[in-house]
Amino acid sequence: MCELERDFGSSFFLLDVNKLRENYKKIEHAFKSRYENFIIGYSYKTNYLPYLCKELSKLGAYAEVVSRLEYDLAIKIGEDPRRIIFNGPIKSREDIQYALNNESIVNIESFYEADFVKEYALEHPKKQIKIGIRVNFDISDNGISPHQAGYDIGRFGICVENGDFQNLVMQLKELKNIKITGLHGHFSTSERKAETYRIITEKLCRIAKESILDGLEYIDIGGGIYGELPKSFQTVAPTFDEYAQPICEVMNKEFNDFKNKPTLILEPGLAMVANVLIFIAKVIDIKNIRGNHFVLVDGSVHNIKPTMHKRNLPMHVIRQNEVSGYTKEIFDVVGYTCMEKDYLAHDIAGALPQQDDYIVFENVGAYTIVFNPPFIKVRPSIVAVDDGELVEVRRKETFRQFFNEELYYF
Ligand SMILES: *Cc1c(COP(=O)(O)O)cnc(C)c1O
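All figures in this text were calculated on a predicted structure; none of them were measured in a lab. (Residues numbered from 1 in each chain as written. Predicted model: local features only at pLDDT ≥ 70, side-chain atom pairs only at ≥ 80, totals over all residues. Heavy atoms only, no water.)

Details of the layout of surface pockets
- Reported here for the second largest pocket is a volume of approximately 410 Å³.
- E103, S104, I105, K130 and E217 are the residues nearest the centre of the second largest pocket, which is lined by 20 residues in total.
- For the lining of the second largest pocket, the secondary structure elements donating two or more residues are α5 (93-101), β5 (105-108), β6 (129-136) and β10 (263-266).
- Examining the composition of the lining of the second largest pocket, we find that four residues originate from one element, β6, more than from any other. (1 Å grid on protein atoms, 1.4 Å probe; cavity = no way out; pocket = protein on both sides within 12 Å on 5 of 7 lines; lining within 4 Å. Points joined across faces, edges and corners; volume = space filled by probe spheres on them. Helix = DSSP H or I, 4+ residues; strand = E, 2+ residues; numbered from the N terminus.)

See below:
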């Protein structure tokens, strides 16, 4: 530990590259064994550490990006632009032209984007342009909406029920050189149930068959599936096989008599990366305030739980000294910021950590480093572990990088 601290600082992330490969292979196998024509588009926003994105690309993942920033990163790591899936609510005219020139997979979800596509088609009359549409439809099951955060309806995509989707299809079909080749339906649901995906896949297939039969190349069901959860979460998540089963069953049934079966695209984020990062933070001090133990570490809730939810992540203490005959204490782990609510863990029972111990937080790979605000301290380093070898894949920020002179006026 001392050597790691000397090289990387008193708090840092470790990336388990083997685990990442395992996740990829497991997801791929679950789906591909049931429906051959299957692609994984890794959701960049979940964790766009360049090294991680590149590793997934090497395994065969497409890049699923939702902004020009992410698109440019995919190009920068050497991704073939034809293996970039460009989603997201905001794409400029220039973004769309660029992506179409590059023959990326572009899914539009608004009429203003369709205008850019049409402009491009008119400017390139000899070019066959392929476009996908993100659709929005009711996914409630027996009248219950499964959307995240209790929303009754999702805000993304083109509404099917009010006729917008049909209008858009008609508008695009007016131009002979535009072909609608895919449908996209990503829905964030709170329970991430396998059965919800049966509904999503079924609806996407039926809409595709009704409206865009000729030239259908892909059905993209988005992401939102659970990965393997830590036992301490006490949530039973469907396995990859349990997700793949209904989804592939629907695909096989709906396209049974098709000679060219469309590609099934899944866009996992969380499921791919949640369990591949751990965060290690050094214990700086232990404080007792009116009978409560506060373990202060050189880390922050921003590093591991940017949404500040109260659920404890799986964690353990790396102790410098053996504890013998200890009494069990209850303690909180708190961070370096000056916010009262900077708790990395609540009400942990066990032997009290000591100064210079390290606390390891697991399952911090998804929506963490991409959400880590530049608040009070520089961002820590990230170290990849691959078969025992260590590579620092993101250095700890310096003062000069944090207060970049190209950005700030001093
Ligand atoms: C965020 C997002 C994903 C990934 O979602 P997870 O819940 O992390 O699997 C996939 N596709 C799109 C379009 C997204 O916005």
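So, the domain arrangement of the chain
- One can read the domain layout of the chain as domain 1 (2-13 + 275-402) and domain 2 (34-268).
- Taken over C-alpha atoms, the centre of domain 1 sits 36 Å from the centre of domain 2.
- Taken together, the contacts link 18 residues of domain 1 with twelve residues of domain 2.
- Carbon and sulfur atoms supply 62% of the area that domain 1 and domain 2 bury against each other, a total of about 1,300 Å² over both sides.
- The largest share of the area that domain 1 buries against domain 2 comes from R311, Y367 and V370, three residues that together contribute 36% of it.
- Here domain 1 is connected to domain 2 by zero salt bridges.
- Applying the counting rule to domain 1 against domain 2 returns two residue pairs in polar contact (both at pLDDT 80 or more). (Domains from an automatic or database assignment. Contact = heavy atoms within 4.5 Å. Buried area = accessible area lost by both parts, 1.4 Å probe. Salt bridge = Lys/Arg side-chain N within 4 Å of Asp/Glu carboxyl O. Polar contact = N/O pair within 3.5 Å; in protein donor to acceptor, adjacent residues only side chain to side chain.)

Some thoughts on the nonpolar core
- F31, I108, I133, V333 and F361 are the most contacted members of the largest nonpolar core, which has 106 residues in total.
- Two domains each provide a minimum of three residues to this core, namely domain 1 (2-13 + 275-402) and domain 2 (34-268).
- Among all residues touching I108, those that are not within four sequence positions of it are K91, I96, E113, A114, V117, I131, G132, I133, R134, L168 and L172.
- In terms of nonpolar packing, the next biggest core, distinct from the first, is built from eight residues, L4, F12, L14 and I280 among them. (Core = buried A, V, L, I, M, F, W, Y, C linked by side-chain atoms within 4.5 Å. Buried < 20%, exposed > 50% of the residue type's maximum accessible area, 1.4 Å probe, protein only.)

Considering the UniProt feature "modified residue: N6-(pyridoxal phosphate)lysine" (unreviewed entry) in the chain
- When the UniProt feature table is mapped onto this chain, "modified residue: N6-(pyridoxal phosphate)lysine" (unreviewed entry) is found at K45.
- For K45, the location among the structural elements is in the loop between β2 (38-43) and α3 (50-59).
- The class of K45 is partly exposed, set by a relative accessible area of 33%.
- With residues near it in sequence (within four places) discarded, K45 still touches V66, E70, Y367 and V370. (UniProt positions renumbered as here; feature names shortened; annotations may be inferred.)

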